[in-house]
Each structure stands twice: as C-alpha cells, then as structure tokens.
Amino acid sequence: MHVILMGPPGAGKGTQASRIADETGIEHINVGDMLRQAIRQETELGTKIQSFVEAGELVPDHLVVDLMKDTLQDLNRRNKGVVIDGYPRNLAQAEALEEMLSELDIQIDAVVYLEVEEEELIRRLTGRRVCRDCGATFHIEYDAPHKQGICDECGGKLHQREDDKRETIEQRLKVYHEETEPLIEFYEERGLLMRVDGSQPIDDVSTSLLEVVGELSG
Ligand code: AP5
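In this text the structure is predicted, and so the values were computed from the model without any measurement.

## Concerning the site of the ligand
Consideration 1: The ligand sits among 36 residues. The nearest are T15, E57, R89, R128 and R172.
Consideration 2: A distance of 2.8 Å separates an oxygen atom of the ligand from a polar atom in the backbone of F138.
Consideration 3: Protein chains bury 97% of the 1,000 Å² of accessible surface belonging to the ligand in isolation.
Consideration 4: The dominant element in the shell around the ligand, judged by the number of residues it contributes, is helix 2 (residues 31–40), at four residues.

Printed below as a string of structure tokens:
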C-alpha cells in the first residue's frame, strides 16, 4: 500500500502517519524530519537547507526531489509499502513524484487530505513540543507528556521547533496556501483524493484514517 498524507502545517500528518505505520507495518517517510535531521547532523544537505526550514520557506525542489528519489528506491528494494508525509508540496514535486513512481512501477493508492481550520492549526503548532532525542511529538494541552518538558518515550528533553514561532507559522501557512493547496485539485482530477476531518481528537482522526486505509488494503 502506498499512501500520501496531505494537509496544512499542524494538521496532524506526522502524528497520524506514525500511527498508520505502527498499525499496518508499512513505513513512514517524514520529509520534514529527514530535513531537520540533516540540519542537526550538519551534513552537506543540512547546511544548504537550514535557512529555508527556519524561515518557513520550502527547500529548493531539486534537493527534496533527489532525497525522495533515494528514499523511494531504497524502499522499493525492500519491497515495503509506505505512508508519505510532507511530500509533494507543489506541482513540480508532484510531477517529479509521478515520474519516479512510474520508473519504479509503483502506484499511489490514495492521497488523504486532513482538513483542519486555521485557528486550530495555530493552536496546535504553538503548543507542540518535540523530544530532542527521539523526535516524539507532544502538545502542551491536547497530548501532554506525563512530566512537563520530559519525553514519555525516552526521558529526553522536549523543546519547541524553531519554525513553530508565531511569525514563522504564518509564513508556513502562506506557503501552504500558495504552493501546496493547488495539489488538492491535482489529485482530485486523478481520482485519488480522500478527505478526512482532521479537527477531531487525535484518536478519532486515527480511527477515521485507519478505516480509509483498511478499505484500500482490502
Ligand atoms: P514539516 O515538518 O513537514 O512541517 P509541516 O508540513 O509544516 O507539518 P508539521 O510537522 O508542522 O505538522 P503535522 O501536520 O505533521 O502535525 P503534527 O502531527 O506534528 O516541514 C517543515 C519544513 O521542512 C517546511 O516548512 C519546509 O521548510 C521543509 N520541507 C518539508 N517538506 C518539504 C518539501 N517536500 N519540499 C520543500 N521543503 C520541505 O501535529 C501538530 C501538533 O498538534 C502536535 O503537537 C500534535 O500533538 C497536535 N495534534 C495532532 N493531531 C491533533 C488532533 N487531532 N487534535 C489535537 N491536537 C493534535
């Protein structure tokens, strides 16, 4: 099964993609996490992209397309299904993805769009806290860790993502509307788009999503 999870910043893509992967055994490609890891490890890619990510801008297409190509080829060799979160973000990336998939003879089964109102997105992003060690995600109100500031999974320290500051969130939302939103129509035209109400509580969104994914896998 090959699924793309789409939605604005803070819609819950990362949270839900990781649950789908846990429940179904398919892999989770989280492009944002891969880029942040490259920045943390100060790799050549990391140095090139840091200023874009921290400003809430899209990283140049050729860098992300190359990263995606390598990841998909690797996945294909291992014959694994996937839930992709954070790609594509614009038309050029979507077209590049179609080309990559056709070379690998892979079909996308569905593009699931998580719908959430803007006010709620801002509440989610400003309250998000992420573990510095294992990357687990929490929310100070909706999904609070048992001990404030400490990761439930590994005991690491929680922090606020650099791009979760108010001004950067506004920029990310602007980029989303301008660049990524047109992909809704792109995938609708291909008969692949499925909408899920992402404004429900986390567990309810997971239930709705797993129903959709369950139908796909038969
Ligand atoms: P990325 O990390 O992908 O950021 P994003 O798309 O802005 O998405 P987020 O990670 O902010 O949100 P999410 O939808 O995953 O929500 P989450 O589950 O964490 O990308 C970051 C940057 O990398 C981009 O700005 C860009 O610079 C670069 N980049 C990435 N991909 C790129 C590409 N393809 N091309 C170019 N550049 C690229 O949830 C958010 C919070 O809400 C959490 O605290 C969570 O606990 C809480 N929450 C989740 N669901 C619910 C719910 N149902 N109810 C209540 N709370 C909830």
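Moving on from the coordinates now.
## What about the confidence of the model for the protein chain?
Consideration 1: Of all residues in the protein chain, 100% attain a pLDDT of 70 or more, and the chain-wide mean is 95.
Consideration 2: The secondary-structure element of the protein chain with the lowest mean pLDDT is helix 9 (residues 202–216), recorded at 92, while helix 8 (residues 182–189) shows the highest, at 98.

## Some remarks on the pairing of strand 3 (residues 82–85)
Consideration 1: Residues V82 and I84 point to one face of strand 3 and V83 and D85 to the other, with burial holding for every one of them.
Consideration 2: Note that strand 2 (residues 27–30) and strand 3 share four bridges and pair parallel. Across the sheet, the residue bridging to I29 is I84, located in strand 3.

## Some details on the side chain of H139
Consideration 1: Note that H139 resides in strand 6 (residues 137–139).
Consideration 2: Residue H139 is classed as buried on the basis of its relative accessible area of 7%.
Consideration 3: When residues no more than four places from it in sequence are discounted, the contact partners of H139 are R123, R124, G127, R128 and A144.

## Remarks on helix 2
Consideration 1: Among all positions of helix 2, only V31, G32, L35, R36, A38 and I39 are buried. In an axial view of helix 2, the angular spread of the buried residues amounts to 155°, which keeps them on one side of the axis.
Consideration 2: In this fold, the buried residues of helix 2 make contact with strand 2, helix 3 (44–55), helix 4 (61–77) and strand 3.
Consideration 3: Near the N-terminus of helix 2, the side chain that reaches the backbone nitrogen of G32, with its oxygen 3.2 Å away, is that of N30.
Consideration 4: Two residues or fewer after helix 2 comes E42, characterised by a positive phi angle close to 55°.

## Observations regarding unusual backbone geometry
Consideration 1: Following Y87, the chain continues into P88 via a peptide bond in cis, with omega recorded as 0°.
Consideration 2: Along the chain, P88 falls in the loop between strand 3 and helix 5 (91–104).
Consideration 3: Located in the positive-phi region is N79, a residue other than glycine, with phi close to 55°.
Consideration 4: With respect to the element layout, N79 can be found in the loop between helix 4 and strand 3.
Consideration 5: A positive phi angle, close to 60°, is found at D105, a residue other than glycine.
Consideration 6: Turning to its location among the elements, D105 is positioned in the loop between helix 5 and strand 4 (110–115).
Consideration 7: For D105, a relative accessible area of 63% translates into the label exposed.

## Description of the nonpolar core
Consideration 1: Ranked by internal contacts, the top residues of the largest apolar core, which has 36 residues, are L72, Y87 and Y187.
Consideration 2: Breaking this core down by element, the ones donating at least two residues are strand 1 (2–6), helix 2, helix 3, helix 4, strand 3, helix 5, strand 4 and helix 8.
Consideration 3: If one sorts the elements of this core by residue count, helix 4 sits on top with seven residues.
Consideration 4: Setting aside residues up to four positions removed in sequence, Y87 forms contacts with I4, V31, V64, V65, M68, Q93, A96, L97 and M100.

What counts, and where the lines are drawn
Along each chain, the written sequence defines residue order, and numbers are assigned to residues from 1. Only residues with pLDDT of at least 70 are given local features in this predicted model, and only at 80 or more are side-chain atom pairs given and counted; all residues enter the totals for whole chains, interfaces and linings. Only hydrogens and water are set aside; all other atoms, that is, all heavy atoms of the structure, feed into the side-chain values. Throughout this document, a residue counts as near a molecule or strand when at least one of its heavy atoms sits within 4 Å of that molecule or strand. Polar contact is the term for a pair of N or O atoms within 3.5 Å; when the atoms are in protein, one must be able to donate a hydrogen and the other to accept it, and sequence-neighboring residues count only if both atoms are side-chain atoms. All accessible areas in this document rest on Shrake-Rupley with a 1.4 Å probe, and a residue is counted as covered only by the protein chains that are shown. A run of H or I in DSSP counts as a helix once it spans at least four residues, and a run of E counts as a strand once it spans at least two, with each numbered from the N terminus. Residue-level confidence of the predictor is what pLDDT reports, using numbers from 0 through 100. Any residue under 20% of the maximum accessible area for its type is buried, any over 50% is exposed, and the rest in between are partly exposed; the area is computed with a 1.4 Å probe on protein chains only. Pairs of strands are assigned from DSSP output, requiring at least two bridges between the strands. Contacts are assigned to residue pairs that have any heavy atoms within 4.5 Å of one another. Arc definition: it is the arc formed by the directions from the helix axis to the C-beta atoms. Grouping buried Ala, Val, Leu, Ile, Met, Phe, Trp, Tyr and Cys residues that are joined through side-chain atoms within 4.5 Å yields what is termed a nonpolar core.

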